[in-house]
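Breakdown of the fold
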Amino acid sequence: MSKGFSKSSVGRKVLMALSGFFLMFFLVQHLAINLISVFSADSFNAASEFMGTNPLVQFALQPVLFFGIIFHLAMGIYLELKNRAARPIKYAMNKPSENASWVSRNMVITGIMILLFVGLHMVHFFFPTINAHYITHEHLDAYEMVANKMANPVYFGIYILAFIFLALHLLHGFQSAFQSVGFNHNKYTPIIKKLSYLYAIAVPLGYAIVAVYHFTNACCSSASCSL
Amino acid sequence: MNLTLKVWRQKDAKSKGKLESYPVSGISEHASFLEMMDVLNEQLINEGKEPVAFDHDCREGICGMCSLYINGEAHGPDRGVTTCQLHMRMFKDGDTIYIEPFRSKAFPVLKDLIVDRGSFERIQQAGGFISVNTSGNTQDANSLPIAKPMADKAMDAATCIGCGACVATCKNSSAMLFVAAKVSQYSYLPQGQVERKERVLNMVDQMDKEGFGNCTNTGACEVECPKGISLEFIARMNKEYSSASVKAEN
Ligand code: HEM
Ligand code: SF4
Ligand code: FES
């Protein structure tokens, strides 16, 4: 392996794509667990108990996930700053929308919105879970926790907004990652572009459906429910 | 046609430039954009002013010399053309046209609309060639059979004229399309195999040293490229680079 790989523009691009692939895989796994909560509170609790205590998940997969997220966003922001510096004098008249889509030009913006959401999400679910498992050793009802948070219309709104930004990020990101690792093929690239739309809409929509389910659930069981 | 031109004027590489407004009148819609620039310059000379410096050579879309960022697009609003091939019928009477140099840290402005594209030359010198002795022992072309699809791909890549529109239009000032075309062109041909690994490693290394930005696959370059160089070549270069890196000895 050449030493320059991770310092070169192409090498960094490939690493950006690999971390992107990893995060996209993680999103599907996370969604699968979330969907359980729509069907059964007990199964969801069991699944989250497993994820929260299994040593393989806790001490192998979780650190890899943290590294993946931090690497992806740090590299993304670093490259964006370098790219801006590569054009010190801007055009007085520029029409970027004539030749490239909004989503492809604003990955750092949609990415930062996702990042802000990830922060809030950690405060909502991750820190309380860690706290309960390792510090207070109390029993934590994961289902309760989710239902409580989603009952709050402000949080619910923020979550839905975040899923929209996620969809925008993935609309470009999914197919871009294939191009970055060097996969571009007359026959398969058009299919990848279609899959890109499918993934970028279906996955965030899946998350949104779970959120809507818990929000309406809380809404209808409250005293002020008018339905 | 009567037009208002907003032209970037800059005395030399060290000066700070600015946009100047010039009216031009009686421009034929059949004129090319550079002919319109000639009319402007004659007018400026008659008024005793310094004419606008701009690059041009062949004026038929093959040399890649003419540049210009016209109304917010590299080589202007038409597709698949260089500035010398751009017709004034793409504009309307009374239009205001912004004319700026290609902007990138790696393309410093020398004067007015002329930029130094020496960074492209240095990338080529880093690996855009094959080392064979061609003096007096030129082979017959047919002695080395090359499959038609491969020859076609190599030819597609080789149509890049090194104009720099891809860099100028890219939001990241990335030179990936140009370098990818130059790397790919040899990678399809038997003559290119001997230096294949060093070529991609050295050319990408030089590209990074020149201060171009990093590709984010927006695809703007492919749209603005006068020769229709495909993004497929960038993917090919990424693959070439990764595999050359894995196999590299240091
Ligand atoms: C779960 C969350 C995320 C997923 C699944 C994801 C996925 C992806 C994918 C697949 C790519 C394309 C890689 C490529 O073109 O090679 C990408 C690019 C990028 N991401 Fe993310 N990302 C996520 C979060 C973030 C965050 C938090 C940031 C923070 C700034 C970010 C910033 C970027 C940037 C700047 C790019 C580069 C744009 C490009 O190369 O097209 N992403 N992301
Ligand atoms: S790839 Fe196209 S736009 Fe870029 S230098 Fe070559 S011909 Fe010009
Ligand atoms: S002057 Fe040669 S391509 Fe335009």
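These notes cover the structure that comes with them. (Residues numbered from 1 in each chain as written. Chains lettered and ligands numbered in written order. Predicted model: local features only at pLDDT ≥ 70, side-chain atom pairs only at ≥ 80, totals over all residues. Heavy atoms only, no water.)

**Quick word on the overall build of chain A**
- Counting its regular elements, chain A contains eight helices and zero strands.
- Along the chain direction, N to C, the helices and strands of chain A fall in the order α-α-α-α-α-α-α-α.
- Dimensions of chain A along its principal axes, counting C-alpha atoms only, are 60 × 45 × 40 Å.
- Split into buried and exposed, the 227 residues of chain A put 40% on the buried side.
- When the accessible area of chain A is evaluated, it comes to approximately 12400 Å², of which 73% is carbon and sulfur surface.
- Placing the 14 positive and 7 negative side-chain charges of chain A at their respective mean positions leaves the two points 30 Å apart. (Helix = DSSP H or I, 4+ residues; strand = E, 2+ residues; numbered from the N terminus. Buried < 20%, exposed > 50% of the residue type's maximum accessible area, 1.4 Å probe, protein only. Areas by Shrake-Rupley, 256 points an atom, 1.4 Å probe, with all protein chains shown as cover. Lys, Arg positive; Asp, Glu negative; His and termini not counted. Charge placed at Lys NZ, Arg CZ, Asp CG, Glu CD.)

**Points about the interface of chain A and chain B**
- Taken together, the contact between chain A and chain B spans 39 residues of the former and 49 residues of the latter.
- Both faces considered, chain A and chain B share a buried interface measuring about 3600 Å² in area, 50% of it formed by carbon and sulfur atoms.
- Summed over the shared surface of chain A and chain B, the number is two salt bridges.
- In this structure, B:Arg79 and A:Glu98 form a salt bridge, with 3.9 Å as the shortest nitrogen-oxygen distance.
- Our count for the contact surface shared by chain A and chain B stands at 29 residue pairs in polar contact (both at pLDDT 80 or more).
- Every element with two or more residues in the side of chain A that touches chain B is listed here: α1 (9-39), α3 (55-85), α4 (102-105) and α7 (153-180) of chain A.
- Considered class by class, the residues forming the side of chain A that touches chain B number 14 nonpolar, 16 polar and nine charged. (Contact = heavy atoms within 4.5 Å. Buried area = accessible area lost by both parts, 1.4 Å probe. Salt bridge = Lys/Arg side-chain N within 4 Å of Asp/Glu carboxyl O. Polar contact = N/O pair within 3.5 Å; in protein donor to acceptor, adjacent residues only side chain to side chain. Nonpolar A, V, L, I, M, F, W, Y, C, P; charged D, E, K, R; others polar.)

**Let's talk about the site of ligand 1**
- Surveying the vicinity of ligand 1 reveals 26 residues, the closest of which are A:Lys13, A:His72, A:His169, A:Ser176 and A:Ser180.
- Per-site note: the chains with residues close to ligand 1 are chains A and B.
- With respect to ligand 1, the side chain of A:Ser176 contributes an N or O atom lying 2.3 Å from an oxygen atom.
- B:Thr216 has a polar backbone atom sitting 3.2 Å from an oxygen atom of ligand 1.
- Going through the elements one at a time, α1, α3, α5 (107-136) and α7 of chain A are the ones with two or more residues in the shell around ligand 1.
- Within the shell around ligand 1, the residues separate by chemical class into 14 nonpolar, eleven polar and one charged. (Near = heavy atom within 4 Å.)

**Quick notes on the sheet that holds strand β1 (residues 3-9) of chain B**
Residues and elements named next belong to chain B.
- One open sheet accounts for five strands, arranged β2-β1-β5-β3-β4; its pairing is mixed. In this open sheet, the two edge strands, each paired with only one partner strand, are β2 (18-24) and β4 (73-74).
- By the bridge criterion, seven bridges tie β1 to β2 in an arrangement that is antiparallel. For valine 7, the partnering residue across the bridge sits in β2 and is glutamate 20.
- Against the sheet, helix α1 (residues 33-46) makes contact with β1, β2, β3 (69-70) and β5 (96-100), and its axis sits at roughly 90 degrees relative to β2, the strand it touches most. (Pairing = 2+ DSSP bridges. Axes fitted to C-alpha atoms, helices over the stretch in contact; angles between N-to-C directions.)

**Observations concerning helix α5 (residues 176-187) of chain B**
All names here are of chain B.
- For α5, with twelve residues, the first-to-last C-alpha span of 16 Å sits near the 16 Å given by 1.5 Å per residue.
- The buried fraction of α5 amounts to twelve of the twelve residues, a majority that puts the element mostly inside the structure.
- Turning to α5, its buried residues are Met176, Leu177, Phe178, Val179, Ala180, Ala181, Lys182, Val183, Ser184, Gln185, Tyr186 and Ser187. (Expected span 1.5 Å × (residues − 1).)

**Brief notes about the coordination of the iron atom of ligand 1**
All names here are of chain A.
- Within the protein, the atoms that donate to the iron atom of ligand 1 are His72 (NE2) and His169 (NE2), at distances of 2.0 Å.
- We classify histidine 72 as buried; its relative accessible area is 17%.
- What makes histidine 169 buried here is its relative accessible area of 14%. (Donors = N, O, S within 2.8 Å, 3.2 Å for Na, K, Ca; no water.)

**Notes on unusual backbone geometry**
All names here are of chain B.
- Positive phi, normally seen in glycine, also occurs at arginine 59, with a value near 55 degrees.
- With respect to the secondary-structure elements, arginine 59 resides in the loop between α1 and β3.
- The residue asparagine 71 is not glycine, and still its phi comes out positive at about 50 degrees.
- As for its position among the elements, asparagine 71 is in the loop between β3 and β4.
- Classification of asparagine 71 by relative accessible area gives buried; the value is 12%.

**Looking at the site of ligand 2**
All names here are of chain B.
- Taken together, 13 residues lie around ligand 2, and Cys160, Cys163, Gly164, Cys166 and Cys225 are the ones closest in.
- Counting only elements with at least two residues in the shell around ligand 2, the list comes to α4 (165-169) and α5.
- Residues belonging to the shell around ligand 2 are distributed by class as follows: eleven nonpolar, two polar and no charged.

**As for the pattern of salt bridges**
- If you walk through the whole model with that rule in mind, you get 17 salt bridges over all chains.
- By sharing partners, the salt bridges in this structure join A:Glu98, B:Glu73, B:Arg79 and B:Glu224 into a single network.

**Description of the pairing of β1(B)**
All names here are of chain B.
- Of all seven residues making up β1, five are buried, and the element is well covered by its neighbours.
- When β1 meets β5, the two strands line up parallel, connected through four bridges. Bridging across to β5, valine 7 finds its partner in isoleucine 99.

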